[in-house]
Every structure is written in C-alpha cells, then in structure tokens.
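Residue-level structural notes
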Amino acid sequence: MNYQSTRNKALKISSAEAIVSGISKDGGLFVPTEMPKLSPEEIKAMGDMSYTERAEVVFGKFLTDFTESEIKSCVESAYSHGSFDTENVMELKTLKPGEHILELWHGPTCAFKDMALQILPHLLTTSVKKTGTDKKVCILVATSGDTGKAALEGFKDAPGTGILVFYPENGVSAMQKLQMITQEGSNVGVCAIKGNFDDAQTGVKKIFTDPEVAAKLSENGIMFSSANSINWGRLAPQIVYYVSSYAQLVKDGKIAFGDMINVCVPTGNFGNILAAYYAKLMGIPIGKLICASNSNNVLTDFLRTGVYDRNRKFYTTISPSMDILISSNLERLLYHLSGCDDKYISKLYKDLAETGRFEVSEAIKAILQDIFYADFCTEDETKATISETYEKYGYTIDTHTAVAVGVYNKYAAETGDTKDCVIASTASPYKFPAAVLESLGDKSSYADEFEMAEALNKKSGMAVPKALSDLKSKKPRFTGSVEKTEMLGAVYSMLGINR
Ligand SMILES: *Cc1c(COP(=O)(O)O)cnc(C)c1O
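Residues numbered from 1 in each chain as written. Predicted model: local features only at pLDDT ≥ 70, side-chain atom pairs only at ≥ 80, totals over all residues. Heavy atoms only, no water.

Topic: the overall build of the chain
Assigned secondary structure in the chain consists of 22 helices and 16 strands. Computed over C-alpha atoms, the radius of gyration of the chain comes to 22 Å, within 12% of the 23 Å expected from 2.2 N^0.38 for 499 residues, which places it in the range of a compact globule. Counting only C-alpha atoms and orienting by the principal axes, one finds that the chain spans roughly 65 × 55 × 50 Å. In the chain, which comprises 499 residues, the proportion classed as buried is 58%. For the chain, the proportion of contacts with a sequence separation of at least 24, taken over those separated by at least 6, is 74%. A total accessible area of about 19800 Å² is found for the chain, and carbon and sulfur atoms account for 49% of it. Mean positive and mean negative side-chain charge positions of the chain (53 and 61 charges, respectively) differ by 2 Å. (Helix = DSSP H or I, 4+ residues; strand = E, 2+ residues; numbered from the N terminus. Rg over C-alpha atoms; globule rule 2.2 N^0.38 Å. Buried < 20%, exposed > 50% of the residue type's maximum accessible area, 1.4 Å probe, protein only. Contact = heavy atoms within 4.5 Å. Areas by Shrake-Rupley, 256 points an atom, 1.4 Å probe, with all protein chains shown as cover. Lys, Arg positive; Asp, Glu negative; His and termini not counted. Charge placed at Lys NZ, Arg CZ, Asp CG, Glu CD.)

Written out as structure tokens, the structure is:
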C-alpha cells in the first residue's frame, strides 16, 4: 500500500517516506491510497488481545513496508515499557449504561497526545533507516503547551534524534511551563521566546523552509523532521484506540458483536475524530461521529452548512487545546469524500488561503450531514457539564472532555439515539486544575498548581498523576529565553553548529 498527497495524487510514496516527510511539498497531506479492512474475525479475535497486540494488527494494515518485527519493536517500545500508568494503556469507564468515557490520558504528560507521540519517535527512526539516510533527525516544535511536552517525552533519549521546543514566554500555563523547563533527557532543548505562539510558529516554519539552513544541517549530517499533528505517524496510532475500544466493549459484555456504536470527540485540529472515521472505514461498526467544539465553533458551522469560514472572532477558552480556527486534518476527510479529487482539494485550500473561506459541493455536504453530528459548548455549558457529571456520577472530567460530554448530552436529548457511545476523554482533570475546581464550586485561592492538585484530589478521589506531582521537586534546566529573531541561533547552538 502506498500514500498519496491530497493535492497531487500522482505522487505515491511508502509509509516510511510519508512519515519522514511529514507534509507533502505541494502543501497536501499524505493519505493511504486504499483503506485496509479488518474482517469480523480479526475484530472478534482482538477481544483477547492486549493493547500492544491490537496495535500491531492495525499498524500491520497501514505500514506495509515495515516488517512484522519492526512494527512489534515500535509498538512495544511505546506502550509496554511503563510510560503509561495503566497496563491497558487506555481505560474505558462506563458512566451509565450506553455512555462510556475513553480515558486517553494515562501517558507521561497526562493528555491524549501521548498516545501518538510515544510511538512517533520509534516510527520515525525506523522510517529514516528504511529510506536509506544515516542522518541524525532534528525535531523542531513550536508549542502552545501540550504538544511540546508530549513530543519532548516521546523523543527524549531516542537514538539518532534531537528535539528543540520553542514556547511563548508568557503564553503557556504555569503547569505546562514547569513540565517543559524541567524536561529530562540528553538530546532535548527547550527555549522560551519573547513573543506569542504565532511568533514561535512562524519562526519554526521559517527555519524549516530555509534552504541555506537545510544545506548547513546536511553538511553536519542532520536533517529536520516534524512531530506536527499532520504527520501520518501521529494519525495511525490514534486509529488503534477506537478499534481497541470496540473490541473491549464486546469483551466486557457491554455490547454484542456487530452492534453499532457512536463516537464523540472534543475536536481542534480534527486529527482525533478523523482517526475514528478511519476506524469506521476499516470495518468497525461506528454510526454517528459526534464532533464537539468549544466557542471556536468553526467546525460546527462547517459540518452543518458546508461553509468553512475562519473569518471570525478567536476566543481564548478554558479548553485551550481546542482553540483553533484552521483544522488541518479536515483536508484528509474532504479528499476521501470527494472521491480523491486532488484538483478539487487544491482549489478549496487555495480559496481558504486567499479568502479564509471555502464551500463544499452539495454532494459532499450531504455525506457530511449523514456521517457527522456537530455542536458546541459555551464556557458556561462546559463548566456546568463538569459539575453535573461530578454530581451525577462522582466522576471528575477536564475542560476538554467536558465539551464532548456536554455535546453528547445535547445529541442524546435531540435525537433520542440510544446506541452505546464512546466519548473521548483527552486530558486528565489535573492538567487544568484551576478551571475544574472553579466548575466544582471551589472558590478558594491557592498558592500554586500543586495546592490545587491536592484540593482536587480531596474532591475527586482520583490519584494525582505522579508525572505532575513529581514536578514539584524537579530543578528547572531550561530557564533561557531569546528574542523571536534569535531562534535560528538557538537551533545552531543546540546542535553544536557554528554559524
Ligand atoms: C490536542 C487536543 C485536543 C484536540 O485534538 P485534535 O486531534 O487536534 O482534534 C483535544 N483535547 C486535548 C486535551 C488536546 O490536547
């Protein structure tokens, strides 16, 4: 099986090449040329498998240029070496019959990005070897908080790699900053910049695409690569947990084999919900995909009307990882729904670049409305959902998960659909303790994030993740900051290259 670009389907490459390149030179994203299927027997057999075994089956379908032992080695290094605080890697908690919370935050940074970023370094280093270069890979990341830390944890001490993360000096939460500046590992660097997230992102893009920089790196045996969420190596691992959830629900007797389920996902860049769509295409009996947004509800409007319009107010919300107006992975969905029409997709995204807006055909609009249900939660609705879920079930959810639960409640009330639903829970409530405590009616003021965590522990009864409580005793390693014009200097100095 090969991979092709959503903007030029004549370009066909292997999965290893797709993972090394990240994004296609024409600006398109890589997608599989055909969708592999799981037979009913294969799905049934997964009931008795571990998470890593289920992952091996799914990866085997997509990474056909990898050997079985390469896949096994990547999967085991990521998921069975103790970096997740549960042996199952993910957990399914049933709130009430039919409503299941899929906890995806048991990894080292307590957010669902670990599910993909724990395995990406292994997929990437294997891919680099397979494509025949012996260059060292340097990962550059601009982060508004979660991605940077998850990438650092994934790449720390990964042989043949180095990672450098830039974050806006005053643009991340106290907990997120602490997570990054205390990062361990011999191949990592973290650098604050005097600017905002856009400055960091623009700076990284500039360094990435500068041919002089690429030449200088090449002389030194180094190449850049990306851990960004448009890399196929981040998407494939996310399909696994939807397949695994179905197998688990059957095994636990919650549903009968063959029963349809719905899936509800708190959405930003559209990667997580797209993975659920791929699981559906592979043969998992998934009915509706419920797309939950916060006040930045560009996707709600798009899925309802067929008009994507980013010309709107940007809100800073209590679910910051969903504060996004350009959902990159949507391009992959539209490519599939258009019957792989690369010319059409190029046109849509040219419109988006030039006018901030595009409108899809009536035919695509009809399919979207058939497959998806979309709605959003305001800030007040999000807080009320945290409180209600706690009162009803004694279960504490974070602000992102609350957006999904809130939208699921709207869906259930509006449609009366009683099919079992898997609701993706994307972060531990301990990652956003201030907003969660406030939602639970706690009006006290706390000295720092650790005091808040203690208070939340008393209320929720959930253990404080060790990864977060350990931060208290860790010494900051990366306290420097640079002007936004000095980012290249920081990269060269980290790599030991003279300018
Ligand atoms: C990244 C993130 C999301 C959004 O996921 P997408 O794949 O970008 O749609 C939701 N919740 C949390 C906690 C995240 O970190």
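Moving on from the coordinates now.
What to know about the sheet that holds strand 16 (residues 481–483)
Strand order in the open sheet formed by five strands is 9-6-7-8-16, and the pairing between neighbours is parallel. At either end of the open sheet lies a strand with only one pairing partner, and these are strand 9 (222–225) and strand 16. Between one strand and the next, the sheet's axes are offset by a mean angle of 30°, whatever the strand orientation. Strands in contact with helix 7 (residues 146–155) are strand 6 (136–142), strand 7 (161–168) and strand 8 (188–194); relative to strand 7, the strand with the most contacts, it is inclined by about 165°. (Pairing = 2+ DSSP bridges. Axes fitted to C-alpha atoms, helices over the stretch in contact; angles between N-to-C directions.)

Re the side chain of D342
Within the element layout of this structure, D342 appears in helix 15 (residues 342–355). Residue classification places D342 among the buried residues on the basis of a relative accessible area of 9%. Sequence-distant contacts of D342, defined by excluding residues within four places in its chain, comprise T6, R7, N8, K9 and Y335.

Concerning unusual backbone geometry
One non-glycine residue, C110, lies in positive phi territory at about 65°. Considering the arrangement of structural elements, one finds C110 in the loop between strand 5 (99–103) and helix 5 (113–117). Relative accessible area serves as the criterion here: at 2%, C110 is assigned to the buried category.

Regarding the pattern of salt bridges
If you walk through the whole model with that rule in mind, you get 22 salt bridges. In this structure, D417 engages K419 in a salt bridge whose closest nitrogen and oxygen atoms are separated by 3.5 Å. Assessed through its relative accessible area of 32%, K419 is described here as partly exposed. Members of the salt-bridge network, linked through shared partners, are K149, E153 and K156. (Salt bridge = Lys/Arg side-chain N within 4 Å of Asp/Glu carboxyl O.)

Describing the sheet that holds strand 4 (residues 91–96)
In spatial order, the strands read 4-5-15-10-11-14; together these six strands make up an open sheet with mixed pairing. Edge positions in the sheet fall to strand 4 and strand 14 (372–376), since each of these pairs with one other strand and no more. Neighbouring strand axes in the sheet, compared pairwise and without regard to direction, differ in orientation by 25° on average. Bridge analysis of strand 11 (residues 286–293) against strand 14 gives five bridges, and the strand direction is parallel. Counted as the bridge partner of L289 is F372 from strand 14.

Digging into the site of the ligand
In the vicinity of the ligand lie 15 residues, with K113, G268, N269, N272 and T426 positioned nearest. Residue D146 places a side-chain N or O atom 3.3 Å away from an oxygen atom belonging to the ligand. Here an oxygen atom of the ligand and a backbone polar atom of F270 are 3.1 Å apart. Protein chains bury 95% of the 380 Å² of accessible surface belonging to the ligand in isolation. Its residues assigned to classes, the shell around the ligand shows five nonpolar, eight polar and two charged. (Near = heavy atom within 4 Å. Polar contact = N/O pair within 3.5 Å; in protein donor to acceptor, adjacent residues only side chain to side chain. Nonpolar A, V, L, I, M, F, W, Y, C, P; charged D, E, K, R; others polar.)

Overview of the side chain of T426
Of note, T426 is situated in the loop between strand 15 (420–425) and helix 19 (433–439). Of the residues examined, T426 reaches a relative accessible area of 7% and is grouped as buried.

A closer look at helix 6 (residues 120–130)
Across the 11 residues of helix 6, eight count as buried, placing the element largely inside the fold. Within the span of helix 6, buried status applies to L120, P121, L123, L124, T125, T126, S127 and V128. Count one or two residues on from helix 6 and you reach G132, which has phi positive near 85°.

Some points on the environment of T182
In this fold, T182 is placed in the loop between helix 8 (174–181) and strand 8. Owing to a relative accessible area of 3%, T182 belongs among the buried residues under this scheme. Between the C-alpha atoms of T182 and F302, which are 120 residues apart in sequence, the distance is 40 Å. Once you skip the residues sitting within four places of it in the chain, T182 turns out to touch L471, K474, K475, P476 and R477.

Structural notes on the packing of aromatic side chains
For the structure on display, the rule yields 14 aromatic pairs. For the pair W232 and Y278, a centre-to-centre distance of 5.8 Å together with 70° between the ring planes defines the contact as edge-to-face. You can see W232 sitting in helix 11 (residues 232–251) and its partner Y278 sitting in helix 12 (residues 271–282), a full 46 residues away along the chain. A single burial state applies to W232 and to Y278, both of which are buried. Aromatic side chains Y373 and Y411 sit 4.8 Å apart centroid to centroid with 75° between the ring planes, which places their arrangement in the edge-to-face category. (Phe/Tyr/Trp six-rings, centres within 6.5 Å; stacked < 30°, edge-to-face > 60°.)

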